[in-house]
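Secondary and tertiary structure notes
Chain residues, written in single-letter form:
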Amino acid sequence: MLSNELEQLRQQLDGVNNDLLELINQRAEIVQQIGQVKNKQSINRFDPVRERKMLDELTQKNHGPFENSTIEHIFKEIFKASLELQVDDHRKALLVSRKMQAEDTIIEIKGEKIGDGNLHHIMGPCSVESYEQVSQVAKAVKQKGLKMLRGGAFKPRTSPYDFQGLGVEGLQILKQVADEQDLAVVSEIVNPAHVEKALDYVDVIQIGARNMQNFELLKAAGETDKPVLLKRGLSATISEFINAAEYIISRGNRNIILCERGIRTYEKATRNTLDISAVPILKQETHLPVMVDVTHSTGRRDILLPAAKAAVAIGADGVMAEVHPDPAVALSDAAQQMDIPTFDRFMNALDEYAPRVSMQK
Ligand code: PEP
Ligand code: MN
């Protein structure tokens with residue numbers, strides 16, 4: 001008997017559910033028609049005054065059992081969902097997303113095609129200190145058949161009293177050495193006003209972790225056609241990282257390489273926590289090449305190699321690491337840069353583990 005009553009109530013409920021479904025879809029169709037009318041008249045689709053009026057009318061008629069606040073909440077969700085229907089798919093998908101572009105973006109830098117399925121590593125000192133220092137590293141980089149030389153001329157340091165970099169003089173040194181060795185220059189720019197000047201010296205504009213949300217810098221880099229290596233912010237979520245890349249691409253520059261460089265966590269054993277799972281997520285969600293900086297993520301020379309192996313195993317397009325002729329006297333990041341013999345062994349071991357030219361492609 002009881003179960004019969006329950007059965008009846010359930011049937012009644014199913015009926016109401018169906019009616020509600022019908023009605024909210026009917027409502028959505030009307031909202032879409034309103035959207036078309038507004039579009040023709042170039043009127044903004046979201047109308048908060050009209051929403052408020054609809055909510056007031058509903059709560060005035062409401063006799064419960066739902067509280068007015070609950071009714072407002074439910075209807076607000078329905079309004080929001082209907083409004084979202086009006087935004088076409090194109091505007092919802094980010095320009096950097098796979099949804100927008102299914103195929104991988106390939107960026108050509110001095111004959112290297114970053115994102116082509118082969119590995120392309122970026123090596124060089126943390127900071128440019130002198131011609132001689134950069135030159136020694138560049139020769140070692142060249143000798144390994146690598147094409148991209150990194151080096152910081154503008155250093156974003158935590159303390160204002162630490163070495164700030166040689167500035168334009170540093171860029172000049174990098175350019176001279178890179179030309180001598182036929183390498184491409186990857187160097188960080190920290191000031192939007194310096195972007196244009198830097199174009200004479202760099203092949204890749206690096207935007208550092210501390211500047212990932214420097215929106216004016218992102219826009220300035222987006223207005224050039226130079227490849228940009230965008231590093232993940234110290235505490236940035238993957239979504240914030242992707243949106244930072246969107247700032248660049250939305251200004252017209254599609255040549256963006258994402259670089260995972262570790263994020264800040266409670267762990268003290270490493271300088272940052274290398275978020276290795278960010279690599280396949282970024283590869284899935286965006287069409288951009290993804291690299292991993294093993295130096296700044298780990299901050300430990302002793303685990304650079306396993307971290308680099310993990311990076312390539314999980315799908316990174318390349319690895320970045322720092323090399324200095326005499327790390328003990330380096331003006332920045334002395335603890336984690338490799339000296340040249342260590343770099344040679346590191347590259348040999350990494351190449352053996354993961355040959356740069358993939359056999360599968
Ligand atoms: C760098 O690569 O020189 C650097 C400062 O790294 P990050 O911005 O990732 O800290
Ligand atoms: Mn460094």
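Residues numbered from 1 in each chain as written. Chains lettered and ligands numbered in written order. Predicted model: local features only at pLDDT ≥ 70, side-chain atom pairs only at ≥ 80, totals over all residues. Heavy atoms only, no water.

This part is about the overall build of the protein chain. Assigned secondary structure in the protein chain consists of 13 helices and 10 strands. In terms of C-alpha radius of gyration, the protein chain reaches 27 Å, well past the compact-globule figure of 21 Å for 361 residues. The principal-axis extent of the C-alpha atoms belonging to the protein chain is close to 85 × 55 × 45 Å. Put simply, the protein chain has 361 residues, and 45% of those count as buried. Taking all contacts inside the protein chain whose residues are at least 6 apart in sequence as the whole, residues at least 24 apart take part in 69%. Total accessible area computed for the protein chain in this model is approximately 18,900 Å², and 52% of it derives from carbon and sulfur atoms. Averaging the coordinates of the 44 positive side-chain charges in the protein chain and doing the same for the 51 negative ones gives two points 2 Å apart. (Helix = DSSP H or I, 4+ residues; strand = E, 2+ residues; numbered from the N terminus. Rg over C-alpha atoms; globule rule 2.2 N^0.38 Å. Buried < 20%, exposed > 50% of the residue type's maximum accessible area, 1.4 Å probe, protein only. Contact = heavy atoms within 4.5 Å. Areas by Shrake-Rupley, 256 points an atom, 1.4 Å probe, with all protein chains shown as cover. Lys, Arg positive; Asp, Glu negative; His and termini not counted. Charge placed at Lys NZ, Arg CZ, Asp CG, Glu CD.)

To continue, consider the coordination of the manganese ion (ligand 2). Each protein donor to the manganese ion (ligand 2) is listed here as Cys-126 (SG), His-296 (NE2), Glu-322 (OE), Glu-322 (OE) and Asp-333 (OD); together their distances run 1.9 to 2.7 Å. Between the donor residues of the manganese ion (ligand 2), the gaps in sequence give the motif C-x169-H-x25-E-x10-D. Of this pair, His-296 sits in helix H11 (residues 294–298) while Glu-322 sits in strand E10 (residues 318–322), and the two are 26 residues apart along the sequence. Here His-296 and Glu-322 have matching classes, each one buried. (Donors = N, O, S within 2.8 Å, 3.2 Å for Na, K, Ca; no water.)

Close contacts around ligand 1 come from Arg-150, Lys-155, Glu-188, Gln-206, Gly-208, Ala-209, Arg-210, Lys-231, Arg-261 and His-296, and that covers them all. At a separation of 2.9 Å, an oxygen atom of ligand 1 approaches a polar side-chain atom of Gln-206. Note that an oxygen atom of ligand 1 is positioned 2.7 Å from one of the side-chain N or O atoms of Lys-231. Relative to its unbound accessible area of 290 Å², ligand 1 is 96% covered by the protein chains. (Near = heavy atom within 4 Å. Polar contact = N/O pair within 3.5 Å; in protein donor to acceptor, adjacent residues only side chain to side chain.)

Turning our attention to the environment of Pro-306. Residue placement: Pro-306 occurs in helix H12 (residues 304–313). With a relative accessible area of 47%, Pro-306 lands in the partly exposed category. With 148 residues separating them in the primary sequence, Pro-306 and Thr-158 have C-alpha atoms 28 Å apart.

What the rule picks out here adds up to 20 salt bridges. For Glu-77, the salt bridge is made with Lys-80, and the minimal N-O distance between the two is 3.8 Å. Of the two residues, Glu-77 and Lys-80 both sit in helix H3 (residues 68–86), three residues apart, roughly one turn of that helix. By relative accessible area, Glu-77 is classed as partly exposed at 39%. Among the residues examined, Lys-80 registers a relative accessible area of 41% and is labelled partly exposed. (Salt bridge = Lys/Arg side-chain N within 4 Å of Asp/Glu carboxyl O.)

Let us now look at the pairing of strand E5 (residues 184–188). The element E5 is largely enclosed, with a buried count of five among its five residues. Residues Ala-184, Val-186 and Glu-188 of E5 are buried on one face, and the alternating residues Val-185 and Ser-187, pointing to the opposite face, are buried as well. What joins strand E4 (residues 148–150) to E5 is helix H6 (residues 168–181), and the crossover it makes is right-handed. Examined bridge by bridge, E5 and strand E6 (residues 204–207) share three bridges and lie parallel to one another. Its bridge partner lying in E6, Ser-187 is registered against Ile-205. (Right-handed = clockwise from strand over helix to strand, strands pointing away. Pairing = 2+ DSSP bridges.)

Close contact between helix H8 (residues 215–222) and helix H9 (residues 238–250) brings their axes to 7 Å; oriented N to C, the two are set at 45 degrees. Taken together, the axes of H8 and H9 are oblique relative to one another. The interaxial crossing formed by H8 with H9 has right-handed handedness. Contacts between H8 and H9 involve Phe-215, Leu-218, Lys-219, Ala-221 and Gly-222 from the former and Ala-244, Tyr-247 and Ile-248 from the latter. Classifying every residue of the contact of H8 with H9 by side-chain character gives six nonpolar, one polar and one charged. (Axes fitted to C-alpha atoms, helices over the stretch in contact; angles between N-to-C directions. Parallel < 35°, antiparallel > 145°, perpendicular 65-115°, else oblique. Left-handed = near helix turned anticlockwise from the far one by under 90°. Nonpolar A, V, L, I, M, F, W, Y, C, P; charged D, E, K, R; others polar.)

A large share of E10 lies buried, amounting to five of its five residues. The side-chain alternation of E10 yields two buried faces, one formed by Gly-318, Met-320 and Glu-322 and the other by Val-319 and Ala-321. Here strand E3 (residues 122–124) runs beside E10; their pairing, made up of three bridges, is parallel. Paired with Ile-122 across the two strands is Met-320, which belongs to E10.

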